[in-house]
Amino acid sequence: MAEETFSELGRIAAIAKLYEGTGFSQTGHCTVKAGKDTGSIIGSSVMMTEGIDFDLTYFPLKHLGYKAVILATGEIYAAMAKPRTLAVRLGISAKTDFGKIRELWEGIVAAAKKHGYGEISLDLLPSVNGLNIFLSACGERLSLTEKRRMPAKSMDLICISGNLGAAFMGMQILEREKQKFLKRKTDRSQPDLSDHKLIIGEYLKPEINPTYVAQLEEAEIIPSYGYFVNRGLADTVRKLVRDSGLGAKIYVERLPFASGTFDLGKQFDIDPISAAFNGGDDCRLLFTVPIGKHDRFRHDFQTFDIIGHLARPEVGAALVTPEGVELPITAQGWK
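Residues numbered from 1 in each chain as written. Predicted model: local features only at pLDDT ≥ 70, side-chain atom pairs only at ≥ 80, totals over all residues. Heavy atoms only, no water.

Caption draft 1: Looking closely at the packing of helix 6 (residues 166-183) against helix 7 (residues 197-204). Relative orientation of the contacting elements helix 6 and helix 7 amounts to 100°, with a least axis distance of 7 Å. Compared by their axis directions, helix 6 and helix 7 come out roughly perpendicular. Mapping the contact onto sequence places Ala 166, Ala 167, Met 169, Gly 170, Met 171, Ile 173 and Leu 174 in helix 6 and Ile 199, Ile 200, Glu 202, Tyr 203 and Leu 204 in helix 7. Here the residues of the contact of helix 6 with helix 7 sort into 10 nonpolar, 1 polar and 1 charged. (Axes fitted to C-alpha atoms, helices over the stretch in contact; angles between N-to-C directions. Helix = DSSP H or I, 4+ residues; strand = E, 2+ residues; numbered from the N terminus. Parallel < 35°, antiparallel > 145°, perpendicular 65-115°, else oblique. Contact = heavy atoms within 4.5 Å. Nonpolar A, V, L, I, M, F, W, Y, C, P; charged D, E, K, R; others polar.)

Caption draft 2: Representation of helix 10 (residues 261-268) within the structure. Those residues of helix 10 that sit buried are Thr 261, Leu 264, Gly 265 and Phe 268. Take helix 10 and look down its axis: the buried residues cluster within an arc of 110°, on one side only. In helix 10, the exposed positions angled more than 90 degrees off the buried face are occupied by Asp 263 and Lys 266. Lining the buried residues of helix 10 we find helix 6, helix 7 and helix 11 (272-278). In the stretch just after helix 10, Asp 269 is the one whose phi turns positive, near 55°. (Buried < 20%, exposed > 50% of the residue type's maximum accessible area, 1.4 Å probe, protein only. Arc of directions from axis to C-beta.)

Caption draft 3: Structural detail: the nonpolar core. In terms of nonpolar packing, the biggest core is built from 78 residues, with Leu 86 and Ile 133 touching the most fellow members. Counting residues per element, this core draws most heavily on helix 3 (residues 61-78), at 11 residues. Listed in part, the 23 residues of the second largest apolar core include Leu 164, Ala 234, Ile 250 and Ala 317. (Core = buried A, V, L, I, M, F, W, Y, C linked by side-chain atoms within 4.5 Å.)

Caption draft 4: Here's a closer look at unusual backbone geometry. The phi dihedral of Met 155 is positive, around 85°, even though this residue is not glycine. Considering the arrangement of structural elements, one finds Met 155 in the loop between helix 5 (143-148) and strand 5 (157-160). Overall, the relative accessible area of 41% leaves Met 155 in the partly exposed class. One non-glycine residue, Glu 220, lies in the positive phi region at around 55°. The residue Glu 220 is located in the loop between helix 8 (212-218) and strand 6 (225-229) in this model. Residue Glu 220 is classed as partly exposed on the basis of its relative accessible area of 44%.

Purely geometric numbers; function is a separate question.
As structure tokens, then:
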């Protein structure tokens, strides 16, 4: 049976069809109702543009939808809030058929269910230049969590929820194989990327543990600051220094890297440490944890790595080499 098209369905019928079997009710808008224990409503948004944020040559649409939700949800978790509602707006060009949007939507729904969203709204809009994705998420932070949050102090721990730089390396692999594919005139077979499956997965389908906030609350470990690391560690550390008014020391030997990252760095002539600080797309949570909670945090949250600590303001943002030399951390910015 031929796949239905947007021209046959129309916008309203297409949206209704996408909701079928998802378990979510179709709604034109999402609202968050604050409960008696609610302290704050936290908002987050993300926009992804074809050709800039993703390449459909190698990005599966279901993974793309899943990743879009992760990008929107990361900021919610970083603020120690729990996801509640998600608003989705898709800009669709004439070249994008209904079947492709269905795949994208399946990824969005899968991620929304995993991370506990209660409502999703959806709108479809025209786009001149390819596929555009806009997500706006809202979460709820408990008032008790806010009351337990203590001011940041020098020597508080800086902790990261997973390896760094792998997503950037994964994108490099996909870009290399894309160029090979485009140059081949006769053999258009798909490359075997099984040796790099995990690292490519860090880029195409990143994950965040949806229980982190509840676990931290239960352990009574409330970070003084939290950030979602998706534009490189350097950008995040500089935000931390700006927001806290303190300095920060990050130790090179404590940075976590996925297996194979350094071998790929040699292949691409990319320093993995530079990839960690400036590569982006890592989708990690960075928290500052009171030094007095060190033992409990180390025992209960072994998937986190302690990569540094806060310091006196005059230190600024510093990278500490194994020899003890402190280098200023700079973010590359846009070129």
